[in-house]
Amino acid sequence: MIPVPAPALQPVPPAPPARWQQLWRDAIRDPAQLLALLDLPELAGRLSPEAMAGFPLRVPRGFVDRMRRGDPHDPLLRQVLPLDDEDRPAPGFGLDAVGDLAASGGTGVIHKYRGRVLLVATGSCAIHCRYCFRRHYPYAEQTAAAAGWREALDYLATDTSVSEVLLSGGDPLSLSTAKLAEFTRALAGLPHVRRLRLHTRLPVVLPERVDEELLAWLAGLPWPVVVVIHANHGNEVDASVAAAVSRLRATGAQVLNQAVLLRGVNDSLPALADLSERLFAAGALPYYLHQLDRVAGTAHFEVTDDQARSLHEALAAQLPGYLVPRLVREVAGAPAKTPL
Ligand SMILES: *Cc1c(COP(=O)(O)O)cnc(C)c1O
Ligand code: SF4
């Protein structure tokens, strides 16, 4: 008998990469190249091969353009350069500082707070921030998109107390818009979900990500949307970022910012005030100012609680209330972010 051939699968031709995806791939990954671009050869001796092996350098060229040439203390450079400071062991700085692994509700699902579930949508980011509390997170096996969103959707369908879904990561906007739409189409079938939130640094570090396709997806979603962007210093918020924020707002989304208080980056009153002013001018309101999570390799970024409180008080004495972010810390097991 002649076997009947199975109907041929029509391979879907892959879509050509979007412009943001090309820029993404074009990110700088070689520290020597970064230091050459910035005229800072003298920093080469302070690079840490160990830090780089654990969490490699990655920074989009557009973000590098906002750094000052010849300034070894540039606040944007400090956020991305893997220096030997990271190699010094520091007591109290561990691998899972915020209890994420304990709060997992399945692949890529973190349910810590009432009514809100955070999905680690993907582990990828366009930029690698040295202070990041997720630099030690076991992403490869723990992301919701990699699991086809199935476990996340099952969890969300079962727990009807969940009214808000947060897409986080990694950076959820590092996924293609088609992949995000696949998720929200399925999510729309769950009547108890009332809000969608995105936590993303991409509108700041690669504003080209906010393209027509993304905007069309956002504008078509059935829920109010909150986009929490992440800038730590006013110099990050240039005209390209302001344009991205206003395009996001034009879809009806609320845009908020979260920052991390970082020694040598934004631990001064002028830096924090300027960040709030530039965010507001761009159309984003300051939401949280986080005390650093104590993860291994980040101790040199830590600001003491006393200093954090006095900076925050000084900021409140200078700016209108709506430009003062809440100063908080993440405490494992707490029911919300904890005010300092
Ligand atoms: C920070 C966080 C949230 C959101 O907290 P809000 O105070 O609502 O911004 C939700 N889930 C997890 C796991 C978080 O870490
Ligand atoms: S998760 Fe956010 S803070 Fe961490 S590396 Fe990615 S973009 Fe940076």
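Per chain, the residues get numbers from 1 upward, laid out in the order the sequence is written. Chain labels run from A onward and ligand labels from 1 onward, assigned in the order the entries are written. With the structure being a predicted model, the display of local features is reserved for residues of pLDDT at least 70 and the display and counting of side-chain atom pairs for 80 or more, all residues being used for whole-chain, interface and lining totals. The side-chain values count all of the structure's non-hydrogen atoms but skip hydrogen atoms and water molecules.

Peer 1: Any details on the overall build of the chain? Residues and values, ideally.
Peer 2: Counting from the N terminus, the helices are the DSSP runs of H or I reaching at least four residues and the strands are the DSSP runs of E reaching at least two. Helix and strand counts for the chain stand at 11 helices and 9 strands. This radius of gyration counts C-alpha atoms alone. The globule rule is 2.2 Å times how many residues there are, raised to the power 0.38. Here the C-alpha radius of gyration of the chain, 21 Å, is about what a compact globule of 340 residues would show, namely 20 Å. In terms of principal-axis extent, the alpha carbons of the chain reach across some 75 × 45 × 40 Å. Looking at the chain as a whole, 52% of its 340 residues are labelled buried. When a residue's accessible area, from a 1.4 Å probe over protein chains only, is under 20% of the maximum for its type it is buried; when over 50% it is exposed; and in between it is partly exposed.

Peer 1: Mind laying out the site of ligand 1, listing which residues take part and the relevant values?
Peer 2: Being near a molecule or strand, for a residue, comes down to having at least one heavy atom within 4 Å of it. Around ligand 1, the neighbouring residues are Ile110, Lys112, Tyr113, Arg116, Leu118, Leu166, Arg197, Tyr287, Tyr288, Glu330 and Lys337. N or O atoms within 3.5 Å of each other form a polar contact, as long as, within protein, one can give a hydrogen and the other can take it, and as long as residues adjacent in sequence are counted only when both atoms are side-chain atoms. In this structure, Tyr287 approaches ligand 1 through a side-chain N or O atom, which is 2.7 Å from an oxygen atom. Tyr288 places a polar side-chain atom, nitrogen or oxygen, 2.6 Å from an oxygen atom of ligand 1. Calculation of accessible area relied on Shrake-Rupley with a 1.4 Å probe; when residues are assessed, cover is drawn exclusively from the protein chains displayed. Relative to its unbound accessible area of 390 Å², ligand 1 is 92% covered by the protein chains. Of all the elements in the fold, those that place two or more residues in the shell around ligand 1 are strand E1 (109–113), strand E2 (116–120) and strand E7 (285–290).

Peer 1: Outline the site of ligand 2, listing residues and values.
Peer 2: Around ligand 2, the surrounding shell consists of Cys125, Ile127, Cys129, Cys132, Gly170, Arg201 and His230. Grouping the constituent residues of the shell around ligand 2 by class yields 4 nonpolar, 2 polar and 1 charged. Asp, Glu, Lys and Arg are counted as charged, while Ala, Val, Leu, Ile, Met, Phe, Trp, Tyr, Cys and Pro are counted as nonpolar; the rest, among them Gly, fall into the polar class.

Peer 1: How would you explain the environment of Tyr131 if you had to name every residue and give the values?
Peer 2: Residue placement: Tyr131 occurs in the loop between E2 and helix H5 (150–158). When the C-alpha atoms of Tyr131 and Ala296 are compared, they prove to be 9.2 Å apart, with 165 residues separating the residues in sequence. Residues are treated as being in contact if the distance between any of their heavy atoms lies within 4.5 Å. The residues contacting Tyr131, other than those within four sequence positions of it, are Gln79, Arg201, His230, Asn232, Val260, Leu262, Leu292, Val295, Thr298 and Phe301. At 3.0 Å, the side chain of Tyr131 and the side chain of His230 are in polar contact. A polar contact is formed between the side chain of Tyr131 and the side chain of Asn232, at a distance of 2.9 Å.

Peer 1: Could you give an account of the packing of aromatic side chains, naming the residues involved and the relevant values?
Peer 2: In this scheme Phe, Tyr and Trp rings, the latter by its six-membered ring, pair at centre separations within 6.5 Å, and the angle between planes marks the pair as stacked below 30 degrees, edge-to-face above 60, and tilted otherwise. Tallying each qualifying case throughout the model produces 5 aromatic pairs. An angle of 35 degrees between the planes, with centres 4.5 Å apart, marks the rings of Trp149 and Phe183 as tilted. Taken together, the residues Trp149 in the loop between E2 and H5 and Phe183 in helix H6 (residues 177–187) connect sequence positions 34 residues apart. Overall, Trp149 belongs to the buried group, its relative accessible area being 1%. Relative accessible area serves as the criterion here: at 0%, Phe183 is assigned to the buried category.

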